[in-house]
Amino acid sequence: MRKLVSFDAPSALLAPQLITAQNIYTLDSSVAQARALLVHAGLILAVGSEEHCRQVAAQSALPEPMHRDFPGRTILPGFIDAHAHPLMFGQLKTWVDCGPERAGSIPEIIELLREAALQSPNGLPVRGYGYEQQNLAEKRHPTRQELDQVATDREVYLMNASGHGGVVNSYTLELNGITAHTPNPEGGEFFRDAQGELTGELSDAACNILTGLDGVKVGHHGPNFHLADAPEEHLRQLRIAQEDFLAGGVTTIGDAQVSRREFDMYLRMAEANELKLRVNMYFLSHLLEEGIAIGMQGAFGNSHLAFAGFKFYADGTLGGWTAYFPDGYVGDPCRTGQLYHEPAEYAALIRRAHLAGLQTATHAQSPVALEMVISAIEAAQTERPDPDARHRIEHCGLPTPEQITRMAAAGIYPVNQPQHYYNWGEGVTDAIGTPGERFNPLGEFERAGVPITISSDAPVAEPRPLEAIQAAVTRVTRRGHRLGDENLCISVDQAVRAHTINAATTLGREDDLGSLSVGKRADFVVLGADPYQVSEEEIADIRLEQTWIDGNLQYVNDVALSTQR
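What to know about the layout of surface pockets
Within this model, the largest pocket holds a volume of roughly 750 Å³. Forming the boundary of the largest pocket are 36 residues, of which Asn423, Val460, Ala461, Glu462 and Arg478 lie nearest the centre. Elements with a contribution of two residues or more to the lining of the largest pocket: α2 (86-92), β7 (126-131), β8 (156-160), α12 (418-432) and α14 (465-474). Looking at side-chain class alone, the lining of the largest pocket contains 17 nonpolar, nine polar and 10 charged residues.

Okay, structure coming up:
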C-alpha cells in the first residue's frame, strides 16, 4: 500500500507547548505511558517526563514552552473514525429524527413528520431518519399509505437507520414513474406486498430515484444517499457534522463513500480553511475507471484532505434486511437481500483496482457476500502479490471461522462498528436467528491475528468512540443484553488501539497519526477519567473534555478544565 504523499505548506512557527497530565497513554511501545508531551509546529517533539521534554526544548534551542497542565486527566491519541459518512451525517441533522428515543411506533413517526410538513414551505421534501423496524411496536416498516398521511403534494422519505433505503410516499413513486410493474434495478428493490402492489419501501440502488434528475447517480454500485441540497446548505451540514465528530474526540475520518457531491464540499471547505478534521476519501466504485484514467493510483493529498482508495459494495445491510442470505431471513423467509454485483463482475473490479495499486474497501455482511470478497482478493493477490495492499472489508458482520483464517493469510483488514450491535443487536438475531449472536466477532479476529479497526459508520451511529470502545469490550446492547459469548469481546487496550493506531494503519496513516510518538502529528484528546481504570460499563460515560489537532485546541467542553501557567 502506497503511503500518503503530503503536499502541506510549511507549518507556522508557533510557540512550543509542554502538555502534562496525570496519565498520557501514547500507544507507542517505546514509551507506553508518559506524563508530558512537547509539541511544536503541529508535531510531537518529545514524549516522557516533564524534565525530559524541557531538556529536548532546550537542546533544540526553542523558546520557553507554554505549559498546559491537565491535572487528574487522561490523554489519548485523537480517535480515528475509519468508516463514516460526514456529509450524510450533517444532512440528517437537518432532517426529522424518528429514532427510538423520539418514536416507538409508526403513528408517532407520522406525527413527527406531519409537524415538520406543516412548518416547511410548500413543495419542499419532508425527510426523516433513524427508524429501525424491529424497534417499532409494529415490528415492520411503515407503508406509503401511512406516509401519505404526512403529505400527498410533495416527496416524503423516511430513511431506515441503516442508511440503505427506507420508505417513500405515493407521490414520490408517481413522480418518478414507479409502478407495480417497474422492474427492480440491479442492486436494489421496490418492495411489493402479497398482491404485488408497491408498499413504498425501497432499498439500496432503488434510492437513485431520490437524487433528482441532475443528482448523483451510482447505478448498482451502492446505496444512493447522496441527496442534493444547495452547495451553501451542504457546507452548513458538513460544518455541523465536523463539530459533532470533534465533540466525540474524533480527529481523523475515513469517508467511506465519496461522490462528486462530497469531494466538492471538502474542496470548498479546504479552500476556505474551514476543514479542521483530517479526511481520507474513498471514492465510490462507479468512479473507478475515471479515477484510474486521471492517475488516482496511490494515496495522495495533504495531512487534512487525502485520497485513500475506492469503496465497493458486495451486499446490503443487516439492519435493513438487505444483506444477502439466499435462503431467506428467519424473520421474513421471503426476503433474501441482494448482491450488488455478480461474483465474476465483482472479481474483475477488484482485480482492476489491485493491479493499479489501489486500496479497496468493500461493504460485506453475510457469509455469502464475504466469500465473494475474500475470494476476489485472494485471486488478485495470487496474480500480483502485494503483502501491504491492506484491502478492507467494511462491517464484515458474519464471517465464518474459516473465512477469518483466510483473511489473516490474505492481509485483509475488517472495519467493524460495535455500536451497530449496541444499538440494534437484537434485530440481527431477530433477522437471521442465533448465528446473529456472532455479529462483528472481534475476539475471533484478535485470536486469528486479524487487525481490528472499529468505527462509527455515522450517521448509522453517533461518532462517539468511547461508546464504541465500551460496546467492543462488553458486547452489551442498549437494551442490556449481551450479544454472544465472552470470547467475542476484546480488552480495553485492544479496543482503544482499534480506534487509534490500528485505524491509522488501516488508512495508511500510521507514519503520522494514531499514536503519541515523536515526529507524529500532535492530535490528542483530554478525558475526564482513565478508560483503563474505570469499570467496563462506565467507559461510555467518560467526559470528553478537549480535542486537539496539530497542537491546536479544536473543541472544548462547556466547562473550563485545564490550567495554564
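There's plenty left to go through after this.
Regarding the sheet that holds β8
Across a sheet, strands are paired by hydrogen bonds formed along the backbone, either parallel or antiparallel in direction. Across the sheet, which stays open at both edges, the six strands sit in the order β6-β7-β8-β9-β11-β10 with mixed pairing between neighbours. Edge positions in the open sheet fall to β6 (96-97) and β10 (188-192), since each of these has one partner strand only. Where strand β9 (residues 165-168) and strand β11 (residues 198-204) come together, three bridges link them in antiparallel fashion. Bridging from a neighbouring strand, Gly166 pairs with Leu202 of β11.

Re the nonpolar core
Considering soluble globular proteins, one finds that nonpolar side chains tend to be buried as a cluster. In this structure, Phe245, Leu318 and Ile393 are the most contacted members of the largest nonpolar core, which totals 92 residues. Ranked by residue count, the leading element in this core is helix α10 (residues 367-383), at eight residues. Not counting residues up to four positions away in its chain, the partners in contact with Ile393 are Thr362, Ala364, Leu370, Val373, Ile374, Met407, Ile412, Tyr413, Pro414 and Val415. Membership of the second largest hydrophobic core comes to 23 residues, among which are Trp95, Tyr157, Met159 and Tyr313.

Thoughts on empty space enclosed by the protein
Throughout the structure, instances matching the rule amount to six cavities of 30 Å³ or more. The volume enclosed by the largest cavity comes to roughly 130 Å³. In terms of lining residues, the largest cavity is bounded by 17 residues, among which Ser162, His164, His395, Asp457 and Val460 are the most central. Mapped by element, the contributors of at least two residues to the lining of the largest cavity are β15 (305-313) and α12. Partitioned by chemical class, the residues of the lining of the largest cavity number five nonpolar, 10 polar and two charged.

Section: the pattern of salt bridges
In total, this model carries 33 salt bridges according to the counting rule given. With its nearest N and O atoms 3.1 Å apart, the salt bridge here joins Asp264 to Arg268. Within this pair, Asp264 and its partner Arg268 are both found in helix α7 (residues 260-271), separated by four residues, close to a single helical turn. The partly exposed category is assigned to Asp264, whose relative accessible area is 29%. Residue classification places Arg268 among the partly exposed residues on the basis of a relative accessible area of 35%. Here the salt bridges share partners, and the residues they tie into one network are Lys93, Asp244, Glu462 and Arg464.

As for the environment of Gly188
For Gly188, the position within the fold is in strand β10. In this structure the C-alpha to C-alpha distance between Gly188 and Leu287, which are 99 residues apart in sequence, comes to 19 Å. Non-local contacts of Gly188, meaning those with residues more than four positions away in its chain, are made with Ser203, Asp204, Ala205, Ala206 and Gln338.

A word on the packing of aromatic side chains
If you walk through the whole model with that rule in mind, you get 14 aromatic pairs. A centroid spacing of 5.6 Å and a plane angle of 70 degrees characterise the contact between Phe307 and Phe310, whose relative ring orientation is edge-to-face. The same class applies to Phe307 and to Phe310, which are both buried. Between the aromatic rings of Tyr313 and Tyr340, the centroid separation amounts to 5.3 Å while the plane-to-plane angle is 55 degrees, which identifies the pairing as tilted. You can see Tyr313 sitting in strand β15 and its partner Tyr340 sitting in the loop between β15 and α9 (343-355), a full 27 residues away along the chain. Put simply, the rings of Phe263, Phe283, Phe307 and Phe310 pair up and form one aromatic cluster. The ring of Tyr282 carries Arg392 above its face, with NZ or CZ at 4.6 Å from the centroid. It is Arg475 that lies over the ring of Tyr421; its NZ or CZ is 4.3 Å from the centre.

Conventions adopted
- Residues numbered from 1 in each chain as written.
- Predicted model: local features only at pLDDT ≥ 70, side-chain atom pairs only at ≥ 80, totals over all residues.
- Heavy atoms only, no water.
- 1 Å grid on protein atoms, 1.4 Å probe; cavity = no way out; pocket = protein on both sides within 12 Å on 5 of 7 lines; lining within 4 Å.
- Points joined across faces, edges and corners; volume = space filled by probe spheres on them.
- Helix = DSSP H or I, 4+ residues; strand = E, 2+ residues; numbered from the N terminus.
- Nonpolar A, V, L, I, M, F, W, Y, C, P; charged D, E, K, R; others polar.
- Pairing = 2+ DSSP bridges.
- Core = buried A, V, L, I, M, F, W, Y, C linked by side-chain atoms within 4.5 Å.
- Buried < 20%, exposed > 50% of the residue type's maximum accessible area, 1.4 Å probe, protein only.
- Contact = heavy atoms within 4.5 Å.
- Salt bridge = Lys/Arg side-chain N within 4 Å of Asp/Glu carboxyl O.
- Phe/Tyr/Trp six-rings, centres within 6.5 Å; stacked < 30°, edge-to-face > 60°.
- Lys NZ or Arg CZ within 6 Å of the ring centre and 35° of its normal.

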